[in-house]
Amino acid sequence: MASTVIENIGLLATPIGTAARAGKAQGEILFLKNAWLTYENGVITGVGEGKAPAADERLDAEGKLVTPGLIDPHTHLIFGGWRQHELAMKLKGVTYLEILAAGGGILSTVKKTRAASLEELADKAEQELRKMLRLGVTTCECKSGYGLATEEEMKMLHAVRLLRKRQPVELVSTFMAAHALPQEYAQDREGYIRLIIDEMLPRAAAEKLAEFCDVFCETGVFTPEECRRILLAAQRLGLAAKCHSDEIDPIGGTEMAGSIGAVSCEHLIRCQKSGIDAMKAGGTVACLLPATSFYLGAAFAPARQMIEAGVPVAFGSDFNPGSCPCGNLPLAMNIGCYRYRMTPEECLTAVTLNAAAAIHRAERLGSLEVGKQADVLIWDAPDLEYIFYRFGDSLAETVVKNGVVVYTQT
Ligand code: NIG
Ligand code: FE
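Residue numbers run consecutively from 1 along every chain, following the written order of its sequence. To label them, take the chains in the order written and letter them from A, then take the ligands in the order written and number them from 1. Only residues with pLDDT of at least 70 get local features here, since the model is predicted, and only at 80 or more are side-chain atom pairs given and counted; chain-wide, interface and lining totals rely on the full set of residues. Side-chain descriptors were evaluated using all non-hydrogen atoms of the structure, hydrogens and water having been removed beforehand.

Chemist: Explanation requested: the coordination of the iron ion (ligand 2) in the structure shown.
Modeler: Expected angles at a metal are 109.5 degrees for tetrahedral coordination by four donors and either 90 or 180 degrees for octahedral coordination by six donors. In this analysis a donor is any N, O or S atom within 2.8 Å of a metal ion (3.2 Å for sodium, potassium and calcium), and since water is not included, sites may seem incomplete. Within the protein, His-74 (NE2), His-76 (NE2), His-244 (NE2) and Asp-318 (OD) serve as the donor atoms for the iron ion (ligand 2), at 2.0 to 2.4 Å. Written as a sequence motif, the donor arrangement for the iron ion (ligand 2) is H-x1-H-x167-H-x73-D. Of the two residues, His-76 sits in the loop between β6 (70–72) and α1 (87–91) while His-244 sits in strand β10 (residues 240–245), which places them 168 residues apart along the sequence. As far as the burial class goes, His-76 and His-244 line up, both buried. Labels follow the DSSP assignment, with helices taken as runs of H or I lasting at least four residues and strands as runs of E lasting at least two, numbered in each case from the N terminus. The cut-offs for exposure are 20% and 50% of the maximum accessible area for each residue type, with area from a 1.4 Å probe on protein chains only; residues under the lower value are buried, those over the upper are exposed, and the others partly exposed.

Listed below in structure tokens is the structure:
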């Protein structure tokens, strides 16, 4: 394959390393001015300042900002239908958990997801992925969790597998049947948990349909002890653990997840000091979802305390039909920057290297360094502050995935 040089880069900004960056290091970004980057066979072969080296192909960055491709480490990409009919209830003040307890919310999406074919689910998700790509997203994690029955959960995971062949965004699969208790098991919690542990998880593992297992640890959903049993069973099968915790009530999910060495905890809006300490001890990434706080009208996670405690912070979009029907990761970056009062440098790490670490991809993705995969984003921006200062417009100009130009803004 031909060698390529991206030349005339006004400012190249990237975190450095092959592991999550925590504490002060979260805000340490390598800046190169008047820079260039070369790659071959999808792998970065050189990065530097000044005169660009020769290469077979040249890409002109026109003096603009270049960063690693964005990584969205938390989405519920696959689902049937939407939930705009809940808007009126929300505006009257009915809460997320009240809607769920009344059989709406996640359970209403379960009905529509079960009614959809694998093809229909993949087609719908593909449209969203194409939008994400145009915003600069080159890797995206996708959770199951709207099937809540063995074949239905597998259908969701197979949709992700199909989508890998159809479009360029790299997809990472997470099994999340512990997302809600399905109505058929309303009187038999134990039966559903056993179904997950004895049937669904072994299927997902044997068919290599998921790398991660996530759970919704929340009041009225699953308890920390139930989540622990499910995640330990997943770990025994080789799936790494993730946990939605402290989104609405701090019931101990983060403390549990840290204690079993979960790779990430999600949301963390109400996370307590004990949860932060547990994540630090467990080597767990705090995956924050700023657009969900905004959309739920909820508080914002204590990001600064996490950074001060040495817990690496990542951001995801949380794209889903209920609490965040928006897959715009750059918008989440803007909201995160302002509402967590995180610096542009800390936020860049949150959507690149730390996001990569949250999906076990930090050795290959998340930074612009020799040996890493050439996932590169050229922004219509002169510097890093500009992309946090502007909001609501797409500033992604050219997207390179694995050494191939997969999108250019015309
Ligand atoms: O991360 N909290 C649980 N799951 C999703 C919402 C799913 C839905 O409402 O459909 C979340 O917010
Ligand atoms: Fe989520």
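Chemist: Would you take a moment to explain the site of ligand 1 for this structure?
Modeler: If a single non-hydrogen atom of a residue is within 4 Å of a molecule or strand, that residue counts as near it. By nearness alone, 15 residues border ligand 1, and Tyr-96, Tyr-146, Glu-247, His-267 and Ser-323 come closest of all. In protein, a polar contact requires one atom able to donate a hydrogen and another able to accept it; more generally it is a pair of N or O atoms within 3.5 Å, and residues adjacent in sequence count only if both atoms are side-chain atoms. With respect to ligand 1, the side chain of Tyr-146 contributes an N or O atom lying 2.6 Å from an oxygen atom. His-244 places a polar side-chain atom, nitrogen or oxygen, 3.0 Å from an oxygen atom of ligand 1. In this description, accessible areas are obtained by the Shrake-Rupley approach with a 1.4 Å probe, and a residue is regarded as covered only by the protein chains that are shown. For ligand 1, whose unbound accessible area comes to 330 Å², protein coverage reaches 100%. Computed over the protein atoms alone on a 1 Å grid, cavities are sets of points where a 1.4 Å probe fits but cannot get out and pockets are open sets with protein on both sides within 12 Å along at least five of seven lines; a residue lines them when it has an atom within 4 Å of a point. A molecule is said to be in a cavity or pocket once over half of its atoms fall within 2 Å of that pocket's grid points. For ligand 1, the cavity whose grid points lie within 2 Å of the majority of its atoms is the largest cavity.

Chemist: Can you help me understand the packing of aromatic side chains in this one?
Modeler: For any two aromatic rings, the description comes down to two numbers: the centre-to-centre distance and the angle of the planes. Between 30 and 60 degrees the pair is tilted, below 30 it is stacked and above 60 it is edge-to-face, where a pair is any two Phe, Tyr or Trp rings, Trp via its six-membered ring, whose centres lie within 6.5 Å. Overall, the coordinates contain eight aromatic pairs when judged by the stated rule. Here the aromatic rings of Phe-79 and Tyr-146 are separated by 6.2 Å at their centres, their planes lie at 70°, and the arrangement is edge-to-face. Of this pair, Phe-79 sits in the loop between β6 and α1 while Tyr-146 sits in the loop between β7 (137–143) and α5 (150–166); the two residues are 67 residues apart in sequence, bridging distant segments of the chain. Under the relative-accessibility criterion, Phe-79 is labelled buried at 1%. Look at Phe-300 and Tyr-340: their rings are 5.8 Å apart centre to centre, the planes differ by 75°, and that puts the pair in the edge-to-face class. With Phe-300 in the loop between α10 (290–296) and α11 (303–308) and Tyr-340 in helix α12 (residues 329–340), this pair connects stretches of sequence that are 40 residues apart.

Chemist: Sorry if this is basic, but what is going on with the pairing of β7 here?
Modeler: Two faces, one strand: in a regular strand the side chains alternate between the faces of the sheet. By the criterion of burial, β7 is predominantly enclosed, with seven of the seven residues buried. Pairing analysis gives three bridges linking β6 to β7, with the strands arranged parallel. From the neighbouring strand, Ile-71 faces β7, where its bridge partner is Thr-139. Only strands joined by at least two bridges in the DSSP assignment are considered to pair. Taken together, the five bridges between β7 and strand β8 (residues 170–178) define a ladder with parallel strand orientation. Residue pairing across strands places Cys-140 opposite Leu-171, the latter belonging to β8.

Chemist: Help me out: how do you make sense of empty space enclosed by the protein in this one?
Modeler: Empty space among the atoms becomes visible once a probe the size of a water molecule is rolled across them. Grid points are joined across faces, edges and corners, and a volume is the space filled by probe spheres set on the points. Applying the stated criterion across every chain yields a total of three cavities of 30 Å³ or more. Size it by volume and the largest cavity reaches roughly 70 Å³. If you go around the largest cavity, the residues you meet are His-76, Tyr-96, Ile-106, Tyr-146, His-179, Phe-216, His-244, Glu-247, His-267, Asp-318, Asn-320 and Ser-323. Counted by class, the lining of the largest cavity contains four nonpolar, six polar and two charged residues. A volume near 50 Å³ is recorded for the second largest cavity. Lining the second largest cavity are Pro-68, Gly-69, Ile-71, Thr-138, Thr-139, Arg-364, Leu-365, Gly-366, Ser-367, Lys-372, Gln-373 and Asp-375. Three classes are used: nonpolar for Ala, Val, Leu, Ile, Met, Phe, Trp, Tyr, Cys and Pro, charged for Asp, Glu, Lys and Arg, and polar for all others, with Gly counted as polar. Here the residues of the lining of the second largest cavity are counted per class, giving three nonpolar, six polar and three charged. The residues that make up the lining of the second largest cavity include at least three from each of domain 1 (3–68 + 365–408) and domain 2 (71–357). Where each domain starts and ends comes from a domain assignment, either automatic or drawn from a database.

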